[in-house]
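# Residue-level structural notes
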Amino acid sequence: LAQMQTAAGTLHLLQRGAAQVVIDPATLSLALPANLGLLELVQLLDDSHWSSERIGRAAFDHQYRHRLPQRQSLEALFFCLARHRPQWLPGGDADTLLQLEHWPDLGSADLPASWLLAIACLHARPWQANALAAHCQIPVSTVETLFAAAAASGLAQTAPIASTAPPPRRNREDSRFFGWVARRFGLTLFKTAQA
C-alpha cells in the first residue's frame, strides 16, 4: 500500500468478493463501506484473493462514492496494522533516530495506553528505539513496531545517530506538550501535591 504510485487523479480500487476499498494516493486516504472498520479491513488483508485496478476520479465519483462513504487515513491503517498485524510492516534500522512529522491520525479508541507516552515523545523530538523503550518502560519490540508504522505511513523523519550525539533534554515545552496529550486522552501524567 505504501508504495502505490499513480498518475495525478488516479485511484486504486481493491476488491475481495463483495468487499471494496479505494486508495487515494493524493490524499493518503481510503474510502471504505460504512460497515467496514479498519480492524475488519486489516483482518481481510492477509487473504491473497484481492484484485487491484486503477480507476479515475470521475469513475470513483460516479460508481463508488455512494458505496464507499467512509474515509480513513493511511496513517490510521498503518498504525492499526502495527497494533494487530505488526509482522506485516517492514523492519527498520535500529541505528536511527526517528521523530514523527506530526501527531498520527488516531483517535483515543485506536491508541493503546502503552503507546501514548512513546508517541508523544516521538512527536516532541527524535529518539532511538532502545532509548525510547527505556524512557517509556515498554518493550523495545513495541517501539520498533511504532517506528515501522511511522516509516510505512510517511510520518517518520529519520537520521543516522552521530557517535557523539548528546542525550535529549527536557524543557518546559515538553511539560506543556505532555499536559496537552494527557488532557486530549483523559489521562493524568503528572502527580501534583495536594494542599
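Placed above this text is the structure.
What this report covers is the structure whose coordinates are included nearby. Worth saying up front: this structure is predicted, and the values here are computed from it rather than measured.

Within helix α5 (residues 129–136), burial applies to Ala 129, Leu 132, Ala 133 and Cys 136. Angularly, the buried residues of α5 cover 100° about the axis, an arc narrow enough to put them on a single face. Buried positions along α5 lie against α4 (113–124) and α6 (140–153).

Geometrically, a packed helix pair is captured by the angle between its two axes and the distance between the axes. The interhelical angle for the contact between helix α3 (residues 74–84) and α6, taken along N-to-C directions, is 155°, at an axis separation of 9 Å. In terms of orientation, α3 and α6 fall into the roughly antiparallel class. Helix-helix and strand crossings are classified by hand; for α3 and α6 the assignment is right-handed. Taking contact as the criterion, the partners of Glu 75, Phe 78, Phe 79 and Ala 82 in α3 are, on α6, Thr 145, Leu 146, Ala 149, Ala 150, Ala 152 and Ser 153. Looking at the contact of α3 with α6 residue by residue, the classes come out as 7 nonpolar, 2 polar and 1 charged.

Turning our eyes to something else, we now look at the pairing of strand β1 (residues 10–16). Burial of β1 is extensive: 5 of the 7 residues sit out of reach of the surface. Two elements, β1 and strand β4 (residues 51–56), share 6 bridges in a ladder whose sense is antiparallel. By the bridge assignment for β4, Gln 15 is matched with Ser 51. Two strands pair when backbone bridges link them, and β1 and strand β2 (residues 19–24) are joined in this way by 5 bridges, in the antiparallel orientation. Looking at β2, one finds that Gln 15 is bridged to Gln 20. Once β1 ends, the chain turns through 2 residues before running back antiparallel as β2, passing Gly 17 with a positive phi of about 60°.

A separate point is the nonpolar core. Ranked by internal contacts, the top residues of the largest apolar core, which has 46 residues, are Leu 30, Leu 41, Leu 89, Ile 119 and Leu 132. For this core, the elements supplying multiple residues, two or more each, are β2, β3 (29–32), α1 (38–44), α3, β6 (96–100), α4, α5 and α6. Top contributing element to this core by residue count: α3, with 8 residues. Membership of the second largest hydrophobic core comes to 8 residues, among which are Leu 11, Leu 13, Ile 55 and Tyr 64.

On to the packing of α5 against α6. Following both chains from N to C, one finds α5 and α6 inclined at 120°, their axes separated by 8 Å at the closest point. Classified by the angle their axes make, α5 and α6 are oblique. Crossing hand, α5 versus α6: right-handed. Listed contacts from α6 to Ala 129, Asn 130, Leu 132 and Ala 133 of α5 are Val 140, Val 143, Glu 144 and Phe 147. Among the residues forming the contact of α5 with α6, the class breakdown is 6 nonpolar, 1 polar and 1 charged.

Calculation criteria
Residues numbered from 1 in each chain as written. Predicted model: local features only at pLDDT ≥ 70, side-chain atom pairs only at ≥ 80, totals over all residues. Heavy atoms only, no water. Buried < 20%, exposed > 50% of the residue type's maximum accessible area, 1.4 Å probe, protein only. Helix = DSSP H or I, 4+ residues; strand = E, 2+ residues; numbered from the N terminus. Arc of directions from axis to C-beta. Contact = heavy atoms within 4.5 Å. Axes fitted to C-alpha atoms, helices over the stretch in contact; angles between N-to-C directions. Parallel < 35°, antiparallel > 145°, perpendicular 65-115°, else oblique. Left-handed = near helix turned anticlockwise from the far one by under 90°. Nonpolar A, V, L, I, M, F, W, Y, C, P; charged D, E, K, R; others polar. Pairing = 2+ DSSP bridges. Core = buried A, V, L, I, M, F, W, Y, C linked by side-chain atoms within 4.5 Å.

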